[in-house]
Amino acid sequence: MGRIGLVVSDLVLSFMWIWAGVLVNILVHGVLGFSRSDPTGEIVRYLFSIISMFIFAFLQQITKGGLYNPLTALASGVSGGFSSFIFSVFIRIPVEVIGSILAVKHVIHVFPEIGKGPKLQVAIHHGALTEGILTFFIVLLSMGLTRKIPGSFFMKTWIGSLAKLTLHILGSDLTGGCMNPAAVMGWAYARGEHITKEHLLVYWLGPVKATLLAVWFFKVVFKPLTEEQQKPKAKTE
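Below: a short report on this structure. Computed from a predicted model, the values in this text were never measured in an experiment.

To continue, consider unusual backbone geometry. Even without being glycine, Lys64 reaches a positive phi, approximately 60°. Here Lys64 shows up in the loop between helix 2 (39-62) and helix 3 (70-79). Despite not being glycine, Met179 shows a phi value in the positive range, around 55°.

With that settled, the discussion passes to the environment of Leu23. Mapped onto the elements of the fold, Leu23 is located in helix 1 (residues 3-31). Owing to a relative accessible area of 46%, Leu23 belongs among the partly exposed residues under this scheme. As a C-alpha pair, Leu23 and Phe48 span 25 residues in sequence and 9.9 Å in three-dimensional space.

Moving on: helix 3. Of the residues making up helix 3, those classed as buried are Pro70, Leu71, Ala73, Leu74, Ala75 and Gly77. Buried residues along helix 3 sit in contact with helix 4 (82-110), helix 5 (124-148), helix 7 (181-191) and helix 8 (197-221). If you check the start of helix 3, you find a side-chain oxygen 2.9 Å away from the backbone N of Leu71, and it comes from Asn69.

We now examine the nonpolar core. The tendency in soluble globular proteins is for nonpolar side chains to be buried as a group. Ranked by size, the top nonpolar core spans 14 residues in total, and within it Ile138 and Val139 carry the most contacts. Listing elements by their share of this core, those giving two or more residues are helix 5, helix 6 (153-171) and helix 8. Considering each element in turn, this core owes the most residues, six residues, to helix 5. Ignoring sequence-local partners within four residues, the contact set of Val139 consists of Ala75, Thr211, Ala214 and Val215. If you look at the next biggest cluster of nonpolar residues, it comprises nine residues, including Leu67, Ala73, Ala182 and Trp204.

Right, let's get into the pattern of salt bridges. Inspection of every chain in the model, using the stated rule, returns four salt bridges. Where Glu193 meets Lys119, a salt bridge forms, and the shortest distance between an N and an O atom there is 3.7 Å. Residue Glu193 is located in the loop between helix 7 and helix 8, and its partner Lys119 is located in the loop between helix 4 and helix 5; the two are separated by 74 residues in the primary sequence. Residue classification places Glu193 among the partly exposed positions, given a relative accessible area of 23%. A relative accessible area of 39% means that Lys119 is categorised as partly exposed.

Definitions and limits used
- Residues numbered from 1 in each chain as written.
- Predicted model: local features only at pLDDT ≥ 70, side-chain atom pairs only at ≥ 80, totals over all residues.
- Heavy atoms only, no water.
- Helix = DSSP H or I, 4+ residues; strand = E, 2+ residues; numbered from the N terminus.
- Buried < 20%, exposed > 50% of the residue type's maximum accessible area, 1.4 Å probe, protein only.
- Contact = heavy atoms within 4.5 Å.
- Polar contact = N/O pair within 3.5 Å; in protein donor to acceptor, adjacent residues only side chain to side chain.
- Core = buried A, V, L, I, M, F, W, Y, C linked by side-chain atoms within 4.5 Å.
- Salt bridge = Lys/Arg side-chain N within 4 Å of Asp/Glu carboxyl O.

Keep in mind these numbers describe shape, not what the thing actually does.
Dropping the structure here:
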């Protein structure tokens, strides 16, 4: 798929990702009637969240690289050449942010009573450290899965989904456990808080620095595969 196709895919997937999270909450708490304090309801919501992540992983395959998270785009851009980095930072990431903002505006228009997205519950530097640590581990895991099991869609998605869900749960009471600056930006923009120190440090600077650190760490610790190591994987793909 050409670069124009990737940009369009990013816009659509970012829009859909916001709606997917909203619809899961509506389904669990509205349609099924579970209260937010009900442990059973939380388990059901987590199951639907995993299903949602599988659907989006499949959509990413169909679009041949469409993304909805700026951190994934950044990691991909840094791992690629200079042209890939510029394309990711100055085109793909802004488009993903725009898609999220449009989605939140649409959600609020359709469901005015809907919540206002994640909010920081701790001190700014504590929140930035939390989002940074969560991001570091999920980026590192994603790169590891791509290297170790590049051809196994189900296994890679299953491990990745469980990891994202676990990290989200760990950070949910502190920062929301977002690990997606574009999604947070959409809700923050709707509240008029998208240029606050809190938002920029916790949901952008912390995760971006963690992503760059994870990519660097992965390159230093894990040497590039040789041609001999790549041949068996190419056959299985």
